[in-house]
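# Examining the three-dimensional arrangement
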Amino acid sequence: MAQVIGVRFKSVGKIYYFDPGENQMREGDRVIVETARGVECGEVAMANREIQEENIVKPLKKVIRPATKADLKQIEANRRREKDAYSICLKKIEAHKLKMKLIDVEYTFDNNKILFYFTADGRVDFRELVKDLASVFRTRIELRQIGVRDEAKMLGGLGVCGKPFCCSTFLGEFNPVSIKMAKEQGLSLNPAKISGACGRLMCCLKYEQNAYEDLLKITPKMGAYVQTPDGRGNVVEVNLITGVLKVKLAKTEGAARPYHRSVVKVIKDAQIRVEHSELEALKEVLE
């Protein structure tokens, strides 16, 4: 077992383990640590606790020190510099006539590097822009192209549900989502219905997927051939939540009849497949 603390460097970001040494840290405390980017100030998201050695990515770096008042003032000063750097970079992008959208600017704690985050439709030759920015700020410059999901996470906003984006409020990492999840949940494969403000598949498709997978194991699927109390037929409608199926009986004319899955026996089940035509229609939200 090893004692660690969890440190987060963004308000909603991944948590990294560090060795607290002799320090007893509380959630919300600020600490100075060494990262791959250099010395950084992070917020304690997980207080001291012991975890299994195999759950640690080694080498486990030690906390340099708890953040002081001077460190916190340095962070505030960096935030002000970031606003100025953002304005300057916007003007430089326009001067160089580059097709890119500046999203955010971040100073490292020790001011050894400034990171400029941007989006663009394709590759952008920003070598001259980097030289121009380096001559202005006299420090290392890094331009980092990000995707539309990262853009939404950084900028925030309201989702179709009316609540703030999950990615900008509590999701540390993006959930893997797929068209098959939407189809298994009986959702319309209309891009406007299943894509978020970022234009990609909604992260919330993942939240209830495990429950739907369990229900699919005990519920006949659309198109299944089943035995009902009134004879055999094909399932033409399924409500996974209530367990009610509508079955078109083979030897009976008229509308399909409702049955609960508990009284239906599967003779030949169907499979849920995502057709090539469906993938093509949703190509934009999958890219």
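Residues numbered from 1 in each chain as written. Predicted model: local features only at pLDDT ≥ 70, side-chain atom pairs only at ≥ 80, totals over all residues. Heavy atoms only, no water.

## Quick word on the overall build of the protein
- Along the backbone of the protein there are 8 helices and 13 strands.
- Scaling as 2.2 N^0.38, a compact globule of 287 residues should have a C-alpha radius of gyration of about 19 Å, whereas the protein reaches 27 Å, well beyond that.
- When its C-alpha atoms are laid out on the principal axes, the protein stretches across 80 × 55 × 30 Å.
- The proportion of buried residues among the 287 residues of the protein is 36%.
- Element-wise, carbon and sulfur atoms account for 50% of the exposed surface of the protein, whose accessible area totals about 17,700 Å².
- Separation of charge centres in the protein, based on 49 positive and 39 negative side chains, amounts to 2 Å. (Helix = DSSP H or I, 4+ residues; strand = E, 2+ residues; numbered from the N terminus. Rg over C-alpha atoms; globule rule 2.2 N^0.38 Å. Buried < 20%, exposed > 50% of the residue type's maximum accessible area, 1.4 Å probe, protein only. Areas by Shrake-Rupley, 256 points an atom, 1.4 Å probe, with all protein chains shown as cover. Lys, Arg positive; Asp, Glu negative; His and termini not counted. Charge placed at Lys NZ, Arg CZ, Asp CG, Glu CD.)

## Some thoughts on helix α6 (residues 209-218)
- All of the buried residues in α6 are Gln209, Tyr212, Leu215 and Leu216. Each buried residue of α6 lies within a common arc of 120° when the element is viewed along its axis, so the set occupies one face. Across from the buried face of α6, at angles greater than 90 degrees, the exposed residues are Asn210, Lys217 and Ile218.
- Buried positions along α6 lie against α4 (179-184). (Arc of directions from axis to C-beta. Contact = heavy atoms within 4.5 Å.)

## Brief notes about the sheet that holds strand β7 (residues 113-119)
- Ordered by their spatial adjacency, 3 strands build an open sheet running β6-β7-β8, and the pairing between neighbours is mixed. Taken across any chain shown, the strands that pair with only one partner, and hence form the sheet edges, are β6 (101-107) and β8 (140-145). Within the sheet, the average angular offset between the axes of one strand and its neighbour, ignoring direction, is 20°.
- Bridge count for β6 against β7 is 6 bridges, and the pairing is antiparallel. Bridge assignment links Leu102 to a residue of β7, and that residue is Phe118.
- Seen against the sheet, helix α1 (residues 69-96) touches β6 and β7 and runs at an angle of roughly 145° to β6.
- Where helix α2 (residues 127-137) meets the sheet, its contacts fall on β6, β7 and β8, and the angle it forms with β8 comes to roughly 140°. (Pairing = 2+ DSSP bridges. Axes fitted to C-alpha atoms, helices over the stretch in contact; angles between N-to-C directions.)

## What to know about the sheet that holds strand β3 (residues 30-35)
- If you trace the 5 strands from one edge of the open sheet to the other, you get β2-β1-β4-β3-β5, paired in antiparallel fashion. Across the chains shown, the open sheet's two edge strands, defined by having one partner strand only, are β2 (15-18) and β5 (63-66). Averaged over all pairs of adjacent strands, the angle between their axes in this sheet comes to 45°, without regard to strand direction.
- With 6 bridges connecting them, strand β1 (residues 2-8) and strand β4 (residues 38-51) associate as antiparallel partners. Opposite Val4, over in β4, you have Arg49 as the bridge partner.
- Sheet strands in contact with α1 are β3, β4 and β5, and its direction is about 70° off that of β3.

## Focus on the pairing of β2
- Inspection of the sheet shows β1 paired to β2 by 4 bridges, in the antiparallel sense. Residue Gly6 lies in a different strand from β2, and its bridge partner there is Tyr17.
- Between β1 and β2, which pair antiparallel one after the other, the connecting turn spans 6 residues.

## Structural notes on unusual backbone geometry
- Its identity is not glycine, yet Lys97 carries a phi of approximately 55°, on the positive side.
- Mapped onto the fold, Lys97 is located in the loop between α1 and β6.
- Of note in the backbone geometry, Arg138 takes a positive phi value of approximately 55° without being a glycine.
- Tracing the backbone through its elements, the reader meets Arg138 in the loop between α2 and β8.
- A relative accessible area of 70% places Arg138 in the exposed class.

## A word on the packing of aromatic side chains
- Inspection of the entire model under this criterion finds 5 aromatic pairs.
- Ring-pair connections join several aromatic residues into one group, and the members of that group are Phe9, Tyr16 and Phe18.
- Sitting above the plane of the Phe174 ring, Lys153 keeps its charged end 5.8 Å from the centroid. (Phe/Tyr/Trp six-rings, centres within 6.5 Å; stacked < 30°, edge-to-face > 60°. Lys NZ or Arg CZ within 6 Å of the ring centre and 35° of its normal.)

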